Amino acid sequence: MDIKNEEYTNNLLFYTILKNLIKCHMSESKIIILENLINENKSLGYSKLIEFLENNVINANVKAYEDYTTLLNLCDEKNYLMWIDLTILSIELLLSKNLILEEAKAYAKNQYDDGLATHKDKLSFGYDMVNLEYPYGQRVISALLVYTITNIERNTEFILESSGKKVKKLNELIKIATNKYKINANNIFMIIMDESINQSIISTAGSSYESRVNSVLLNISDSVNVHAHDKFINSVEYDYTFELDGKLYGVNAKRTLRERYKQNFEDVNQLSVDAMFLVTLGIDLNEEKLNNIMQRHGYYVVVAQEVYDSKQYFKKNGRVISSKNFNIESLRKLFKKFI
């Protein structure tokens, strides 16, 4: 489908209005005041309405006033009615943005909690996937909610019934803007939502792999230290060290290895620790890499249970431990055999 210049220009104006409304950093109450003032005074005409809005929403002495005047200057005599319609639509969409984000968080969190309930092993591949699904889930459900709100080609379904009236009103505004100005509200608003979703994902992301390793170590030892350097070779750094039965052990935690498995690649008898653990999912730990690691005395590898079960070369090597067996009882048996 060819995009006509008018369609491009109108959608660009819509996006620019949305962006400038966000840059104004208005509170919800303030943005509602702006909406009401536009609706109540749009009959004044272009110049009088803009002058009225300049003096009655944001104080000229505040920093946001410059962005606010930029928003108002997007309006001119030719696009006056369209600017009003798109600004009202933009306000309603932005008022729905937090609703979408909160519903997406709540839905993804429920799925996350259900997933954790079925995966107790924090170092397993299944547990790792649940943690990836949490931020991914927020993005997916947010996109579905935006589609629910902005799509005009179907009967809207609501994830929360209490949101139904608000969404129905918004959907009517979108239909008007689509028919009059060829606005693609779904795609344009999704650009705006992506930015907020990214921030939301950063702030609510599931636990990192390293923090999960730390949690497991705390169940093994009462003495766990973070980011320690070796006493003999200062260039060797451990993600963690832990003590068990009077001995000190180093740990490097790498979700995937790439070439990082070569770090801290000194023989243990040259180090201040009694043994060295490389904890990883194991999904990219091929047999060649494993053999290179196992050339070093006192090195052990911990891999996710599912990956351990799928590779015979893991099972054949007594110094490879499945995540399920990375516990006090199994380690004590292992140390009796090798140390």
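Note that the coordinates shown come from a computational prediction; the quantities given were computed from them, not determined experimentally. (Residues numbered from 1 in each chain as written. Predicted model: local features only at pLDDT ≥ 70, side-chain atom pairs only at ≥ 80, totals over all residues. Heavy atoms only, no water.)

**Considering the packing of helix 3 (residues 46–56) against helix 4 (residues 65–73)**
Counted only if it meets this: Fitted lines through C-alpha atoms give the axes, limited to the stretch in contact for helices. The angle between two N-to-C directions lies from 0 to 180 degrees. Counting from the N terminus, the helices are the DSSP runs of H or I reaching at least four residues and the strands are the DSSP runs of E reaching at least two. When describing relative orientation, an angle under 35 degrees is termed roughly parallel and one over 145 degrees roughly antiparallel, while 65 to 115 degrees is termed roughly perpendicular and anything else oblique. Put simply, a crossing is left-handed when the front helix is turned counterclockwise from the back one by less than a right angle, and right-handed when it is turned clockwise. The contact criterion used is simple: two residues touch if any of their non-hydrogen atoms lie within 4.5 Å. The classification used treats Ala, Val, Leu, Ile, Met, Phe, Trp, Tyr, Cys and Pro as nonpolar, Asp, Glu, Lys and Arg as charged, and all other residues, Gly among them, as polar.
The interhelical angle for the contact between helix 3 and helix 4, taken along N-to-C directions, is 165°, at an axis separation of 11 Å. Between helix 3 and helix 4, the angle falls in the class roughly antiparallel. Crossing geometry of helix 3 relative to helix 4 is assigned as right-handed. Of the residues in helix 4, those in contact with Ile50, Leu53 and Glu54 of helix 3 are Tyr65, Tyr68 and Leu72. In terms of residue class, the contact of helix 3 with helix 4 is made up of 5 nonpolar, no polar and 1 charged.

**As for helix 9 (residues 209–218)**
The test is simple: Working definition: with a 1.4 Å probe on protein chains only, accessible area under 20% of the residue-type maximum means buried, over 50% means exposed, and in between means partly exposed. The reported arc concerns the directions from the helix axis to the C-beta atoms and nothing else.
Of the positions making up helix 9, those classed as buried are Tyr209, Arg212, Val213, Val216 and Leu217. Take helix 9 and look down its axis: the buried residues cluster within an arc of 140°, on one side only. Each element contacted by the buried residues of helix 9 is listed here: helix 6 (125–150), strand 1 (224–229), strand 2 (237–244), strand 3 (247–253) and strand 4 (275–279).

**Comments concerning the packing of aromatic side chains**
Basically, it comes down to this: The aromatic pairing rule takes the rings of Phe, Tyr and Trp, using the six-membered ring of Trp, and pairs them if the centres are within 6.5 Å, calling planes under 30 degrees apart stacked, those over 60 edge-to-face and the rest tilted.
Summed over the entire model, instances satisfying the criterion amount to 12 aromatic pairs. Here a set of aromatic residues connected by ring pairs shows up, and it is made of Phe242, Tyr249, Phe277, Tyr300, Phe326 and Phe335.

**Here we look at the environment of Tyr8**
Assignment of secondary structure puts Tyr8 in helix 1 (residues 5–23). The exposure class of Tyr8 is partly exposed, given its relative accessible area of 49%.

**Observations regarding the packing of helix 3 against helix 5 (residues 80–118)**
Think of two packed helices as two axes; the pair is described by the angle between the axes and how far apart they sit. The contact between helix 3 and helix 5 brings their axes to 10 Å, and the two run at 40°. Classed by the angle they form, the pair helix 3 and helix 5 counts as oblique. Considering only the axes of helix 3 and helix 5, their crossing is left-handed. Contact residues: Tyr46, Leu49, Ile50 and Leu53 in helix 3; Tyr80, Trp83 and Ile84 in helix 5. For the contact of helix 3 with helix 5, the residue count by class is 7 nonpolar, no polar and no charged.

**Some words on the pattern of salt bridges**
For clarity, the cut-off: We count a salt bridge whenever a side-chain nitrogen from Lys or Arg sits within 4 Å of a carboxyl oxygen from Asp or Glu.
The full count for this structure, using the stated rule, is 7 salt bridges. When the shortest N-O distance is used, the salt bridge between Lys175 and Glu172 registers 3.7 Å. Here Lys175 pairs with Glu172, and both are found in helix 7 (residues 164–181), just 3 residues apart, close to one helical turn. One connected set of salt bridges, linked through shared partners, spans Asp128, Arg212 and Arg255.

**What about helix 6?**
Basically, it comes down to this: Expected span, for any helix, means 1.5 Å times one less than how many residues it has. We define the bend at any residue as the angle between the axes fitted to the seven residues before and including it, ending there, and the seven starting there.
Taking 1.5 Å of rise per residue, the 26 residues of helix 6 would be expected to cover 38 Å, and the 37 Å separating its terminal C-alpha atoms lies within 8% of that figure. The largest bend along helix 6 reaches roughly 30° and is located at Tyr136.

**Details of the pairing of strand 5 (residues 299–303)**
Rule in force here: Here a strand pair is declared whenever DSSP counts at least two bridges between the two strands. A crossover counts as right-handed when, viewed with the strands pointing away from the observer, the path leading from the first strand over the helix to the second turns clockwise.
Of all the 5 residues making up strand 5, 5 are buried; the element is thus mostly covered by neighbouring parts of the structure. Because side chains alternate across strand 5, one face comprises the buried residues Tyr299, Val301 and Val303, and the other comprises Tyr300 and Val302, equally buried. Relative to strand 5, strand 4 is paired through 4 bridges, and the arrangement is parallel. Paired with Phe277 across the strands is Tyr300, a residue of strand 5. For the crossover that starts at strand 4, traverses helix 10 (residues 287–294) and ends in the parallel strand 5, the hand is right-handed. One ladder, built from 3 bridges, connects strand 5 with strand 6 (residues 320–322); its direction is parallel. When the bridges of strand 6 are listed, Val302 appears paired with Ile321.

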